Amino acid sequence: MNPLFWYPPAETRISPKSFIDALLGKNHDFEKDLCSYLGIESCILGNSGRAMMTLLLRALKTADTSNRDEVLIPAYTCYSVAASVARAGLKIRVYDLDPETFHPDVFSLKQQAGDRTLAIVAQHLFGIPSPLDELKEAAEDARAYLIEDAAQALGGTLKGKHVGTIGDFGFFSFGRGKTLPLGHGGALVAKDPETVRKIAFPGRAGKGYGGLFTSMATRLLSNKRLYGIMEALPLGLGETVFDPGFEISPMREMTGRLGSAALHELDRSNTHRRMISGFYSSILYNYGIVPVPDGACPTYARFPLMSDGAGIPDELRRLGVRRMYPRALADEPAIRKFFADDKAAAPGATRIAERLVTLPTHSGISAEVAETIAERIKDGLTCRR
Ligand SMILES: *Cc1c(COP(=O)(O)O)cnc(C)c1O
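Quick notes on helix α4 (residues 79-87)
- Extensive coverage of α4 is indicated by the burial of eight of its nine residues.
- Along α4, the positions that sit buried rather than exposed are Tyr-79, Ser-80, Val-81, Ala-82, Ala-83, Ser-84, Val-85 and Ala-86.
- On its buried face, α4 sits against α3 (49-63), β2 (70-74), β3 (91-95), β5 (145-149) and α13 (333-336).
- Gly-89 occupies a position one or two residues after α4 and carries a positive phi of about 75°.

Okay, here's the thing in structure tokens:
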């Protein structure tokens, strides 16, 4: 491998043509295009996944008449899910995950759901669809809503249905590193659109030329010859921070235009992600691979692998291998402050946080690079040149 190359962990691999179409195109209706892709009637677009989740939770809380003020979320997840709950003025409760499958720990789920639970969040982490039966059952028992966090899973299906459209509500993200990486943006879908019809955005949308420009620049710099420079700049790339003070506004016009222009690229890109993941699976079959449930079609935003917990050597970092969220939610003091239960523990999630490494799957990773990454990992995650 050329030692000067740096493979980015995520890539805004949207074609130049789509950027041009976004800039020059006149008519666009991303809402309509996305709905038709997902096979649903309606959806709401905003500036991020976390904004959509916050607006949804606020709407559910307003309509609630039984003093429910807790949201039950996975104990290992994106910090912005926790931030959305905090931003909506609700309390966080976590259910543990099985560190081998990343599926909910059913015992923990049953124990944590109750009559204060407003909603339960399911997640399709890395775009690997998670079976929803147990979560549905827990939500029904607690009379809570089931929200699917499909932020990394746009294009993935479970038994022929698009993930994100199976629970009562679902949301998607178009941020960097997601399957349709427009730069920012989010979408909310609802089984019963009445519940979310009254959602009003506090902020104004804006044109979003700046955002489009940033996306284009990121696209250009996400190149193996240039990405080393990006890494060296203090941009905070890939950092995970908990911040409930995020902006909430409608989707910017340019983001919507880019979405309309680039949506047709999604399936091809997801096929590439599955192919690269196939290479990883075939070489690393006796390592800690996360299973794909029967009847599921994953999007593999990244390829997860449980390691021995030693650090990631520079050579693998240069190939785009990274950890994910640094800690389980319960182990992050700033997040714990918003917990409903101050004695909460989730050992499965803590183990995931300590051992998980994720491999890149985007279109900048060729079969040859994937093979190199897998072979280096086989050498024990310690191989240095
Ligand atoms: C990115 C992400 C979110 C939040 O989406 P934003 O658009 O960044 O707000 C939520 N959950 C998961 C699993 C994510 O990966």
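From this point on, the discussion continues.
Topic: the packing of aromatic side chains
- For the structure on display, the rule yields nine aromatic pairs.
- Ring plane angle 50° and centroid distance 5.2 Å describe the contact between Tyr-280 and Phe-303, whose orientation is recorded as tilted. You can see Tyr-280 sitting in helix α11 (residues 266-283) and its partner Phe-303 sitting in strand β12 (residues 303-306), a full 23 residues away along the chain. The pair Tyr-280 / Phe-303 is uniform in exposure class, with both members buried.
- Under the relative-accessibility criterion, Phe-303 is labelled buried at 1%.
- A network of ring pairs unites the aromatic residues Tyr-76, Tyr-79 and Tyr-325 as a single cluster.

Here we look at the sheet that holds strand β8 (residues 169-173)
- Judged by pairing direction, the sheet is mixed, and its seven strands sit side by side in the order β1-β9-β8-β5-β4-β2-β3 without closing on themselves. The two strands at the open ends of the sheet, each matched to only one other strand, are β1 (44-46) and β3. Averaged over all pairs of adjacent strands, the angle between their axes in this sheet comes to 25°, without regard to strand direction.
- Summarising the sheet, strand β4 (residues 117-123) and β5 pair through five bridges and their orientation is parallel. Its bridge partner being in β5, Ile-120 is matched across the sheet by Leu-146.

Thoughts on a nonpolar patch on the surface
- On the surface, Ile-20, Leu-23, Leu-24 and Tyr-209 cluster together into a nonpolar patch covering about 430 Å² of accessible area.
- Mapped onto the fold, Ile-20 is located in helix α1 (residues 16-24).
- Taking relative accessible area as the criterion, Ile-20 reaches 47% and is therefore assigned partly exposed.

Description of the sheet that holds strand β13 (residues 356-359)
- In space, the three strands of this open sheet follow the order β10-β12-β13, with antiparallel pairing throughout. Among the strands making up the open sheet, the edge pair consists of β10 (288-289) and β13.
- Two strands pair when backbone bridges link them, and β10 and β12 are joined in this way by two bridges, in the antiparallel orientation. Paired with Gly-288 across the bridge in β12 is Met-306.
- Each of β12 and β13 is contacted by helix α14 (residues 347-355), which is oriented at about 50° to β13, the strand it contacts most.

Let's talk about α11
- With 18 residues, α11 should reach 26 Å at 1.5 Å per residue; the first-to-last C-alpha distance of 26 Å fits that figure.
- Listed as buried for α11 are Leu-266, Ser-269, Asn-270, His-272, Arg-273, Ile-276, Ser-277, Tyr-280 and Ile-283. Take α11 and look down its axis: the buried residues cluster within an arc of 155°, on one side only.
- Looking at the buried residues of α11, the elements they touch are α2 (30-38), α10 (253-262), β12, β13 and α15 (367-378).

The rules we used
Residues numbered from 1 in each chain as written. Predicted model: local features only at pLDDT ≥ 70, side-chain atom pairs only at ≥ 80, totals over all residues. Heavy atoms only, no water. Buried < 20%, exposed > 50% of the residue type's maximum accessible area, 1.4 Å probe, protein only. Helix = DSSP H or I, 4+ residues; strand = E, 2+ residues; numbered from the N terminus. Contact = heavy atoms within 4.5 Å. Phe/Tyr/Trp six-rings, centres within 6.5 Å; stacked < 30°, edge-to-face > 60°. Pairing = 2+ DSSP bridges. Axes fitted to C-alpha atoms, helices over the stretch in contact; angles between N-to-C directions. Patch = residues over 30% accessible without salt bridge, like charges linked within 9 Å, V, L, I, M, F, W, Y side chains within 5 Å. Areas by Shrake-Rupley, 256 points an atom, 1.4 Å probe, with all protein chains shown as cover. Salt bridge = Lys/Arg side-chain N within 4 Å of Asp/Glu carboxyl O. Expected span 1.5 Å × (residues − 1). Arc of directions from axis to C-beta.

So far we have only geometry, and geometry alone does not tell us how the molecule works.
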